[in-house]
Amino acid sequence: MAEFVFAPPDQVAIPVAGGGLFPVRRVYCVGRNYAEHVREMGGDPKTEVPSFFTKPTDALLTGGADLPYPPMTSDLHHEMELVVAIGVGGADIPEGGALGHVWGYAAGLDMTRRDLQQQLRKEGKTWDMGKGFDHSGPIGEVARAARIGHPAKGRIELAVNGEQRQHSDLSHMVWSVPEIIAHLSRFVRLAPGDLIFTGTPEGVGAVQRGDVLEGRVEGVGSVRTRIV
Ligand code: MN
């Protein structure tokens, strides 16, 4: 058997509440999934369909680690989100059976270089580099669905330096978790270890070095990081 020409990277994994590690395969994200956020970004929630994009798996930041302020931006934004952790793979998953594919849930942050994203969008270019940068995905512990169930409602909120910046309810998602799984699995075959960031509510905004971000999803868990 051929040998690796250098040591392969470590498996990216997220601590599970109560013990163990959730091994991460791929990271998908949903754009524009809360009506008020679509409006604050200048869109019309009635005419927009949610889009999918990705982050590199090793962009995840776990254990409350510090987030180094990224290069190529002066407008780093927070986006507080519910994250779905897939445990059973599949393609063309029907909405009715979608929750059977979910292993658990976590609270996460889809950090965004907003200035870069908007500049690239305006130029009609792909805005990957506004989203998929190093350390762009702080995430809290994964909570097993077998323990917490499948939250379809509950408060989602983010505070910066103790001051509330985002708050909404999971029930305000335009597309529900089963709808997201059904739709995404038409584009790609989902596999165990895949994560789906499900979109942010309104109230996104900029952070600076020294800021402490603390987010929480009711019944799921929390996420914390400090910008350095
Ligand atoms: Mn987002």
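Chemist: What am I meant to see in the sheet that holds strand 13 (residues 163-169) here?
Modeler: Spatial strand order, 13-12-16-17: 4 strands in an open sheet with antiparallel pairing. Both edges of this open sheet fall to strand 13 and strand 17 (221-226), since each of them pairs with a single strand only. Shown here is a sheet whose adjacent strand axes are inclined to one another by a mean of 10°, direction ignored. Judged from the 5 bridges that link them, strand 12 (residues 155-160) and strand 16 (residues 212-217) form a sheet pairing that is antiparallel. Counterpart to Val160 in the pairing with strand 16 is Leu213.

Chemist: Help me understand unusual backbone geometry, please; the structure alone is not making it clear to me.
Modeler: Negative phi values dominate among residues other than glycine, just as trans dominates among peptide bonds. Phi is positive for Met72, which is not a glycine, with a value near 65°. Mapped onto the elements, Met72 comes out in the loop between strand 5 (60-61) and strand 6 (76-78). Overall, Met72 belongs to the exposed group, its relative accessible area being 66%. The backbone of His135 sits at a positive phi, close to 65°, despite the residue not being glycine. By the secondary structure assignment, His135 is in the loop between helix 3 (128-131) and strand 10 (137-138). When its relative accessible area of 30% is taken as the criterion, His135 is described as partly exposed.

Chemist: Mind showing me how you'd approach the packing of aromatic side chains here?
Modeler: Geometry of an aromatic ring pair is reported as the spacing of the ring centres plus the angle between the planes. Under the definition given, this model contains 3 aromatic pairs. The ring of Phe133 carries Lys55 above its face, with NZ or CZ at 5.8 Å from the centroid.

Chemist: What is the right way to read the pairing of strand 17 from this model?
Modeler: Where strand 16 meets strand 17, 6 bridges bridge the pair, whose relative direction is antiparallel. Pairing of Arg216 across the sheet is with Ser222, part of strand 17. Counting the residues that bridge the hairpin from strand 16 to strand 17 gives 3 residues, and of these Gly219 lies at a positive phi of roughly 80°.

Chemist: Looking at this structure, how should I read the nonpolar core?
Modeler: Ranked by size, the top nonpolar core spans 38 residues in total, and within it Met111, Ile181 and Ile196 carry the most contacts. With residues near it in sequence (within four places) discarded, Ile196 still touches Tyr28, Val30, Leu82, Val83, Val84, Ile86, Ile180, Ile181 and Leu184. By size, the runner-up hydrophobic cluster in this structure holds 15 residues, among which are Ile14, Phe22, Phe53 and Val142.

Chemist: Which parts of the structure should I look at to understand the sheet that holds strand 9 (residues 112-113)?
Modeler: Within a sheet, each strand pairs with its neighbour through backbone hydrogen bonds, oriented either parallel or antiparallel. Sheet architecture is open: 3 strands sit in the order 9-6-15, paired in antiparallel fashion. The sheet terminates laterally at strand 9 and strand 15 (205-206), the two strands that pair on one side only. Examined bridge by bridge, strand 6 and strand 15 share 2 bridges and lie antiparallel to one another. Within strand 15, the position partnered with His78 by the bridge is Gly205.

Chemist: Explain the environment of Met72 here, please?
Modeler: Considered as a pair, Met72 and Leu60 are 12 residues apart in the sequence and their alpha carbons are 19 Å apart. Dropping the residues within four chain positions of it, Met72 is found in contact with Arg113 and Leu116.

Chemist: Quick question: what am I supposed to make of the pattern of salt bridges here?
Modeler: Side-chain pairing between opposite charges can occur once the charged atoms of the two side chains come close. Going through the model one piece at a time under the given rule, you end up with 12 salt bridges. The shortest N-O distance in the salt bridge between Asp194 and Arg25 comes to 4.0 Å. In this pair, Asp194 is assigned in the loop between helix 5 (177-187) and strand 14 (195-197) and Arg25 in the loop between strand 2 (21-23) and strand 3 (27-31), connecting sequence segments 169 residues apart. By relative accessible area, Asp194 is classed as buried at 0%. Between Lys125 and Glu123 there is a salt bridge, with its nearest N and O atoms 3.0 Å apart.

Cut-offs used in this document
What you see as residue numbers is a count from 1 along each chain, following the sequence as written. Thresholds applied to this predicted model are a pLDDT of at least 70 for local features of residues and 80 or more for the giving and counting of side-chain atom pairs; totals over whole chains, interfaces and linings are not thresholded and use all residues. Side-chain descriptors were evaluated using all non-hydrogen atoms of the structure, hydrogens and water having been removed beforehand. Here a strand pair is declared whenever DSSP counts at least two bridges between the two strands. Here a helix means four or more residues in a row that DSSP labels H or I, a strand means two or more in a row labelled E, and each is numbered from the N terminus. With axes taken as lines fitted to C-alpha atoms, and helix axes fitted only over the stretch in contact, angles between N-to-C directions fall between 0 and 180 degrees. Exposure classes here rest on a 1.4 Å probe applied to the protein chains alone. A residue is buried below 20% of its type maximum, exposed above 50%, and partly exposed in between. In summary, the pairing rule links any two rings of Phe, Tyr or Trp, Trp by its six-membered ring, whose centres are within 6.5 Å, and it sorts them by plane angle into stacked for under 30 degrees, edge-to-face for over 60 and tilted for everything else. Should the NZ of a Lys or the CZ of an Arg lie within 6 Å of a ring centre and within 35 degrees of the ring normal, that charge is described as sitting over the ring. Here the nonpolar core consists of buried residues drawn from Ala, Val, Leu, Ile, Met, Phe, Trp, Tyr and Cys, with membership extended through side-chain atoms lying within 4.5 Å. Residues are treated as being in contact if the distance between any of their heavy atoms lies within 4.5 Å. Think of a salt bridge as a Lys or Arg side-chain nitrogen and an Asp or Glu carboxyl oxygen that are within 4 Å of each other.

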